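# What the coordinates show
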Amino acid sequence: MTNKNYAMTIDLQSCIGCSSCAVVCKNENNTDTGMNWMHFIKNESGTFPNVSYEYIPALCNHCDNAPCVKACPVTAMYKDENGLTLHDADKCIGCKACMASCPYGVISYNKKDPHDYWSQQESWSELSATPAEVQEKSGAKLPYYNPERDYNYEAIRYRGIVEKCQLCDHRLARDEQPYCVTRCPSEAMYVGDLNDPDDKIHQILSDDHKTLKDELGTKPKVFYVRNFK
Amino acid sequence: MAMKWQGKSLVGLAILLIIIAAGLFGMGNTLIQGQVLFGSTELIPWNLLIVAYVFLALMASGMCMIASASHVLGFKQFDFLGKRAIFLALAVLIPGLLVLSMDLGRLDRALNFITSPNLQAPMWWMGATYGVYVVLLLVEFIAMHTKNEKIMHYASYFTLAGAVAATSILGGIFAIVVQRPLWYGGATSVFFVLSAVITGIACLTIFTYFTFKFSSEKLPLKVDNAIKGLSKLMAILLAVALGFNAWRLITMFYTATPDFALIFNGEYAVLYWGGALALGLIIPLLMIMFKRSSGMAVVASILVLSGMFFDKYVTVIGGQLVQPYGEVTSYSSTITEWLIFVGAIAGTIVIYSVGVKLLKLDESTHMEAEQDKKKKLRPSAV
Ligand code: SF4
Ligand code: SF4
Ligand code: SF4
C-alpha cells in the first residue's frame, strides 16, 4: 500500500464563519479552555460604509517543509508516513522551539494540567453539583471526555508539553474525515489524499486556491479554495 | 583595614546567600506549580529566563574566548587572567544552564536529547555543544590548577573552538526563524559571537577590578594595564557592534515590518535606543575614548553589561511580539522569573568568591611561570 499525502481544503465561499469547527475540535480532542487546535484569522478593514470582513478557519497546515519539525531538538514533532505533522507527547521536553519557529502560531503549551476546573469542590449555586461531583459520576477526567483520541496520542495532554492539531489522525486511520470536517454545517472542508489521482481533492483544487504564507517555503497543506478577493 | 573588609564581605555574603535562597525558592516553586508562574503565553513562548540564559551563556563564552585566544595567540599581557576567566566562565555558565532548565516543561526528559536527537535542530546542537563545552572548561580549569601545561595547551584550542561554536549555534536557534525579522539571518549568529566577546570582556573587567580592589589598597600595575588593554579591545568591538546595529536598522528600514516599528519608535524603542544603543554601546565607547583609566573601564563595563542585557531582551522578547498576522502583543515578566535570574547572578558571585579564596585564581599561569624561571636561572638578565 502506498503512503498517503493528506491535505485539507477549506472553501472560503462556503464557510459562514460560525466557528463550529473550532468548537467541535475541542470536543473531539479534549482540549482545555484557551487551547485551540482549530482557530481563525479575522480581518476587518476599511471604514464604514466601505468595510470588508474576512474569516479564515486556521489550524496546523501540516507543512511538507515544517519548521516546527526541523526545530524540535528531540524529534517529538515529526512527519508521519502519510504526510501529517504529528506531536509525540511522550517525547516532548517542553522547550517551545516548535512554537517559536511555527510561522502560523498554531501550537499551544500546557502551562498547567488541563481541565483542573473539573476537580473543583465549589459549585456555582447551592442547587447544582460541584464540578468534582460531576467528574466522579461521569467516571472521566471531564464529563465530555472523548476516549477515541487515546488511539495514538495522549487523550488529555498534561503540564509541561505542547500540543496541536493532529488532523484527527485517529479518524483518518479508520477512513473517516476529521471531526471538524464532518461537523461543518456548510460542508466547507475536506481532507483528501494528494497521492491518489482519483481523490476528490484534485477536483476541488482545480478551483482557484491559496495557502497561508506560502512565500516562506513551508509548503502548507491546508488549501483555501475560492477566496472572495 | 582587613577587619573592616572582613566585616563588609560577611554582610555581602549574607545578602548574596539570601538572594540565592530567593532564587532557589523561585525554582522550587516552578518545579511544583509549573510555568503558570511565568509571563510567557501562547503568543510569547520564550520569557525572561531565555533572555537571562542567552545573556549569561554569551558572557561565559566570551570570557573563555578571551582566555583561550590570549593563550593561543600569545597575548602575554592577559595571560595572568586566564585561570580567573576560565573559572568565571564556569561560575557564570553553570547557574545559566540552571536558569535555562527551569524553562523546560519536562526537565525530567532531558535525556531525550541523547536518546532521540534531531540533528537538524539548532536547539539540539546548542544543548550538545554547551554540554561538551562545560566539560572542556572543567578540563582546562583543572589543567590550569594542577599546572598540567600540555593538557592546558590543547584544551585551550578546544575551548576556544567550543566557545565560538556554542555561541553561534545559540544564535542559530533564533537565526533560522524566517518570519521574525529581529531574529532571522546569519548575521544574528555572528552578532552573538561578537556580543559574547564584548559581554565577556566587561564581566572579566568588573570581577578582576573588584577582586584586586578588595584585596589590596592599590591596583597592581599588571592588573591596571590588563584592564586598560581589555578596555581598548572592548572599544574596538563596541564600534563594530554599533556598525552591526546600524545595518540592522537600515536593512529593516527598507522592509518596514511591524518589528522595525517596534524598536524604531514603538513599545521597545526606549529599551533599544536608550538601553541597548546609548547606554550599552555609545556612552561606554565615548568614556573609554576620552579617559583611559581602569576606574573608567569598570564603569564603562557596567554600562556595557546592562546594555547587552537590554539588547538580548529586545531581541528575544521583542522578536516574539509581532504575531503571525500582524497584530502586536505584549509581555510582562513575573517575580518568579526575576528571582531565578537574580539568584543565578548571586550564585555566580558566590561561586567566584569561593574560587578566589580556595583555588588560587591569581596564580601565574605557565608563561609567567616560565619567564620567572628564566629570570631565576639568569639573574644577570634582570
Ligand atoms: S503549521 Fe506550524 S505546527 Fe503545523 S506543520 Fe506547519 S510549522 Fe508545524
Ligand atoms: S516543545 Fe516539545 S515538540 Fe516542541 S520543540 Fe520542544 S520538545 Fe519538540
Ligand atoms: S482536524 Fe481534528 S484536530 Fe485538526 S482542527 Fe479539525 S477537529 Fe481539530
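Residues numbered from 1 in each chain as written. Chains lettered and ligands numbered in written order. Predicted model: local features only at pLDDT ≥ 70, side-chain atom pairs only at ≥ 80, totals over all residues. Heavy atoms only, no water.

## Details of the overall build of chain B
Looking only at helices and strands, chain B features 13 helices and 0 strands. Along its sequence from the N terminus, chain B presents helices and strands in the succession α-α-α-α-α-α-α-α-α-α-α-α-α. Over its C-alpha atoms chain B spans a radius of gyration of 21 Å, differing by no more than 12% from the 21 Å that the globule rule assigns to 382 residues. With the principal axes as the frame, chain B shows a C-alpha extent of 75 × 45 × 45 Å. Buried positions account for 54% of the 382 residues belonging to chain B. Long-range contacts, defined as pairs at least 24 residues apart, comprise 81% of the intrachain contacts of chain B with a sequence gap of at least 6. (Helix = DSSP H or I, 4+ residues; strand = E, 2+ residues; numbered from the N terminus. Rg over C-alpha atoms; globule rule 2.2 N^0.38 Å. Buried < 20%, exposed > 50% of the residue type's maximum accessible area, 1.4 Å probe, protein only. Contact = heavy atoms within 4.5 Å.)

## What to know about the nonpolar core
Formed by 176 residues in total, the largest nonpolar core has its most connected members in Met8 of chain A together with Leu170 of chain B. For this core, the element with the highest residue contribution is helix H2 (residues 48-72) of chain B, accounting for 18 residues. What Met8 of chain A contacts, discounting residues up to four positions off in sequence, is Leu59, Leu167, Cys180, Val181, Met189, Tyr190, Val191, Lys221, Val222 and Phe223 of chain A. Counting residues in each nonpolar core, the second largest holds 5 residues, with Ala7, Tyr190, Ile201 and Leu205 of chain A among its members. (Core = buried A, V, L, I, M, F, W, Y, C linked by side-chain atoms within 4.5 Å.)

## Points about the interface of chain A and chain B
In this complex, chain A contributes 38 residues to the contact, which on the side of chain B involves 35 residues. Summing the contributions of chain A and of chain B, the shared interface buries around 2,900 Å²; its carbon and sulfur component is 54%. The interface formed by chain A and chain B includes 1 salt bridge. Secondary structure elements with two or more residues in the side of chain A that touches chain B: helix H2 (67-71), helix H3 (97-101) and strand S6 (108-109) of chain A. Looking at the side of chain A that touches chain B, its residues break down into 23 nonpolar, 7 polar and 8 charged. (Buried area = accessible area lost by both parts, 1.4 Å probe. Salt bridge = Lys/Arg side-chain N within 4 Å of Asp/Glu carboxyl O. Nonpolar A, V, L, I, M, F, W, Y, C, P; charged D, E, K, R; others polar.)

## A look at the confidence of the model for chain B
A residue-level look at chain B finds 93% of positions with pLDDT of 70 or above and a mean pLDDT of 88. Contacts from residues 366-382 of chain B, a stretch scored under 50 in pLDDT, to residues over four places away or in other chains number 14 contacts. (pLDDT = per-residue confidence, 0-100.)

## Observations concerning the pairing of strand S2 (residues 39-45) of chain A
As judged from the 7 bridges shared by S2 of chain A and strand S3 (residues 52-58) of chain A, these two strands associate in the antiparallel manner. Within S3 of chain A, the position partnered with Lys42 of chain A by the bridge is Tyr55 of chain A. (Pairing = 2+ DSSP bridges.)

## Points about the site of ligand 1
Around ligand 1 sit 14 residues, and of these Cys60, Asn61, Cys63, Cys68 and Cys102 of chain A come closest. Residues of the shell around ligand 1, tallied by class, amount to 10 nonpolar, 3 polar and 1 charged. (Near = heavy atom within 4 Å.)

## As for helix H1 (residues 20-29) of chain A
If you check which residues of H1 of chain A are buried, you get Cys21, Ala22, Val24, Cys25, Glu28 and Asn29 of chain A. Turning to H1 of chain A, the residues buried within the fold contact S3, helix H5 (169-172), helix H6 (179-183) and strand S8 (189-193) of chain A.

## As for the sheet that holds strand S1 (residues 6-11) of chain A
All names here are of chain A. Taking strand neighbours across the sheet as the criterion, the 4 strands line up as S8-S1-S10-S9 in an open arrangement whose pairing is mixed. Both edges of this open sheet fall to S8 and strand S9 (209-210), since each of them pairs with a single strand only. Examined bridge by bridge, S1 and strand S10 (residues 222-225) share 4 bridges and lie parallel to one another. Considered in S10, the bridge of Thr9 is made with Phe223.

## Overview of the site of ligand 2
The environment of ligand 2 is made up of 13 residues, and the closest members are Cys72, Cys92, Cys95, Lys96 and Cys98 of chain A. In terms of residue class, the shell around ligand 2 is built from 10 nonpolar, 2 polar and 1 charged.

## Looking at the packing of aromatic side chains
What the rule picks out here adds up to 29 aromatic pairs over all chains. Here the aromatic rings of Trp46 of chain B and Trp183 of chain B are separated by 5.9 Å at their centres, their planes lie at 25°, and the arrangement is stacked. Residue Trp46 of chain B is found in the loop between helix H1 (2-33) and H2, and its partner Trp183 of chain B is found in the loop between helix H6 (149-175) and helix H7 (186-215); the two are separated by 137 residues along the sequence. Both rings, one in Phe55 of chain B and one in Phe341 of chain B, keep their centres 6.4 Å apart while their planes meet at 85°; by these two values the pair is edge-to-face. Taken together, the positions of Phe55 of chain B in helix H2 and Phe341 of chain B in helix H12 (residues 335-358) put the pair 286 residues apart, joining distant regions of the chain. Per residue, the accessibility class of Phe55 of chain B equals that of Phe341 of chain B, and both read buried. Here the aromatic cluster, defined as three or more aromatic residues joined through ring pairs, consists of Phe55, Tyr268, Phe309, Phe310, Tyr313, Tyr331, Trp338 and Phe341 of chain B. Taking NZ or CZ as reference, Lys200 of chain A lies 4.4 Å from the ring centre of Tyr190 of chain A, over its face. Across from the ring centre of Trp183 of chain B, 5.1 Å away, lies the NZ or CZ of Arg180 of chain B, which sits over that ring. (Phe/Tyr/Trp six-rings, centres within 6.5 Å; stacked < 30°, edge-to-face > 60°. Lys NZ or Arg CZ within 6 Å of the ring centre and 35° of its normal.)

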